[in-house]
Amino acid sequence: MRETLHIYSRVSTSRQEKKGYSLNDQKVLGEKLSKDNKWNVKLWNEGGKSSNHDWNQLEKKRPVLYELSELLDTGKVKYLFVINEDRLFRTSDVRTRLTLKLLKNDVQIFTEKGKYSFDNSTDRVMFQIWSIFSEEENIKRRKLSVQGKISGMKKGHWKGGDVNFGYKLVDKKLQINKEESVYIKKIFQMYDKGKSTKDLQNYLLSEGLKTRRNNSIFPLQSITNILKNTIYIGYKDMRVTDFHYRFECPPIIDEGLFHKVQMRMKDILERKNQINRTQHEYLLRNYLYCNECKNGMSGLWREKLNQFNYFCSNR
């Protein structure tokens with residue numbers, strides 16, 4: 001019965017395609033090794049996933065490696081190919097736990113540097129040394145990445161990631177997207193005039209708009225996040241590790257409208273919490289507001305009088 005070479009491949013992001021480290025390059029090198037040794041092949045393609053996760057996050061963040069680690073426990077994996085050690089792990093937690101599994105089951109590891117056989121004491125020590133070096137290099141890369149991001153933010157550059165709906169990126173800086181900003185203004189105005197987030201969702205769907213992830217439906221939570229986001233009035237308080245910074249950009253929404261929307265959202269939340277706690281049904285409560293402070297009126301049931309009363313909770 002022919003042995004099987006298990007090939008595990010991973011890149012840090014879906015866009016990373018460095019020479020010699022792309023998903024396809026890792027697969028080709030592994031298949032060449034299996035052909036030279038006349039082994040069968042089992043591919044474990046993780047795709048674009050970060051490795052900066054602890055062991056308790058593995059099942060959710062790196063499901064392919066988690067499944068492979070489960071198979072290691074059965075003793076059915078004898079030969080494993082990874083382009084280098086940091087494809088498997090970059091944190092001490094995952095490194096320690098996974099290395100124990102590899103040692104316990106006498107798995108032979110093949111990398112671009114050569115072979116590690118765990119029944120050989122020298123190979124065991126060398127593999128762990130290289131693993132520690134990989135973790136240290138990852139820490140250095142992360143520090144450089146954070147420093148570069150902070151430096152860019154000080155120059156007014158976008159922090160990275162998806163650009164908020166209503167904006168576009170020009171020379172690393174946010175500029176208003178004229179077409180999308182029309183809809184941002186519209187949903188703020190609609191909400192201020194009494195429309196619900198569900199109404200806004202239906203409106204955006206009827207206009208045929210797509211989210212940044214190319215979905216046809218804007219989730220209700222995403223719409224709520226848009227209505228709460230200060231970036232639409234020209235700023236956003238950012239944080240990278242211990243660095244705090246106020247990012248500034250061209251505003252789309254007038255501050256007066258923005259704060260009116262925040263007040264209505266707060267009022268609706270207070271009403272919802274109030275309704276969840278109540279034991280009685282108050283027919284007029286959703287329609288009554290205090291003439292002095294504009295706060296929504298609360299309901300009170302007077303059992304002895306068999307009477308409903310309404311009052312302002314701000315007294």
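Heads up: these notes are all about the structure in this document. (Residues numbered from 1 in each chain as written. Predicted model: local features only at pLDDT ≥ 70, side-chain atom pairs only at ≥ 80, totals over all residues. Heavy atoms only, no water.)

The next thing to look at is the sheet that holds strand β4 (residues 108-111). Strands sit in the order β2-β1-β3-β4-β5 across an open sheet of five strands; the sheet is mixed. Taken across any chain shown, the strands that pair with only one partner, and hence form the sheet edges, are β2 (40-48) and β5 (114-117). Here the average twist between neighbouring strands, direction ignored, is 20°. Inspection of the sheet shows strand β1 (residues 4-11) paired to β2 by seven bridges, in the parallel sense. Residue Val11 lies in a different strand from β2, and its bridge partner there is Gly48. Contacts from helix α3 (residues 63-72) reach β1, β2 and β3 (79-81) within the one sheet, and its direction differs from that of β2 by about 145°. (Pairing = 2+ DSSP bridges. Helix = DSSP H or I, 4+ residues; strand = E, 2+ residues; numbered from the N terminus. Axes fitted to C-alpha atoms, helices over the stretch in contact; angles between N-to-C directions. Contact = heavy atoms within 4.5 Å.)

Enumeration according to the criterion identifies eight aromatic pairs in this entry. The interplanar angle of 65° and the centroid separation of 5.7 Å between the aromatic rings of Trp39 and Phe110 together place this pair among those described as edge-to-face. Of the two residues, Trp39 sits in the loop between α1 (23-37) and β2 while Phe110 sits in strand β4, which places them 71 residues apart along the sequence. Accessibility expressed as a relative area gives 10% for Phe110, which makes it buried. Taken together, the ring pairs in this structure connect Tyr167, Phe188, Tyr232 and Phe258 into an aromatic cluster. Stacked on the ring of Tyr235, the Lys or Arg Arg246 has its end atom at 4.0 Å from the ring centre. (Phe/Tyr/Trp six-rings, centres within 6.5 Å; stacked < 30°, edge-to-face > 60°. Buried < 20%, exposed > 50% of the residue type's maximum accessible area, 1.4 Å probe, protein only. Lys NZ or Arg CZ within 6 Å of the ring centre and 35° of its normal.)

Along the chain, Ser51 falls in the loop between β2 and α2 (58-61). Sequence spacing of Ser51 and Arg10 is 41 residues, and the spatial spacing of their C-alpha atoms is 9.1 Å. Beyond its immediate stretch of four places on either side in the chain, Ser51 contacts Arg10, Arg62, Asp86, Arg90 and Thr91.

Below, the discussion takes up the side chain of Gln26. On the secondary structure map, Gln26 appears in helix α1. With sequence-adjacent residues up to four places away left out, Gln26 is seen in contact with Ile7, Tyr8, Ser9, Arg10, Val11, Tyr21, Phe81, Ile83 and Arg87.

Per the stated rule, a full pass over the model turns up seven salt bridges. With a shortest N-O distance of 2.8 Å, Glu180 and Arg212 are connected by a salt bridge. Separated by 32 residues along the polypeptide, Glu180 in helix α6 (residues 178-192) and Arg212 in the loop between α7 (197-206) and α8 (220-228) bring together distant segments of the chain. Look at Arg212 and you get partly exposed, because its relative accessible area is 34%. One salt bridge in this structure joins Asp237 and Arg246, with 2.8 Å as the shortest N-O distance. (Salt bridge = Lys/Arg side-chain N within 4 Å of Asp/Glu carboxyl O.)

Before going further, it helps to examine the packing of α7 against α8. Where α7 contacts α8, the axes come no closer than 9 Å and their chain directions differ by 100°. In this view, α7 runs roughly perpendicular relative to α8, as classed from their interaxial angle. Residues Thr197, Lys198, Leu200, Gln201 and Leu204 of α7 form the contact with α8, whose own contacting residues are Leu220, Ile223, Thr224 and Leu227. Looking at side-chain class alone, the contact of α7 with α8 contains five nonpolar, three polar and one charged residues. (Parallel < 35°, antiparallel > 145°, perpendicular 65-115°, else oblique. Nonpolar A, V, L, I, M, F, W, Y, C, P; charged D, E, K, R; others polar.)

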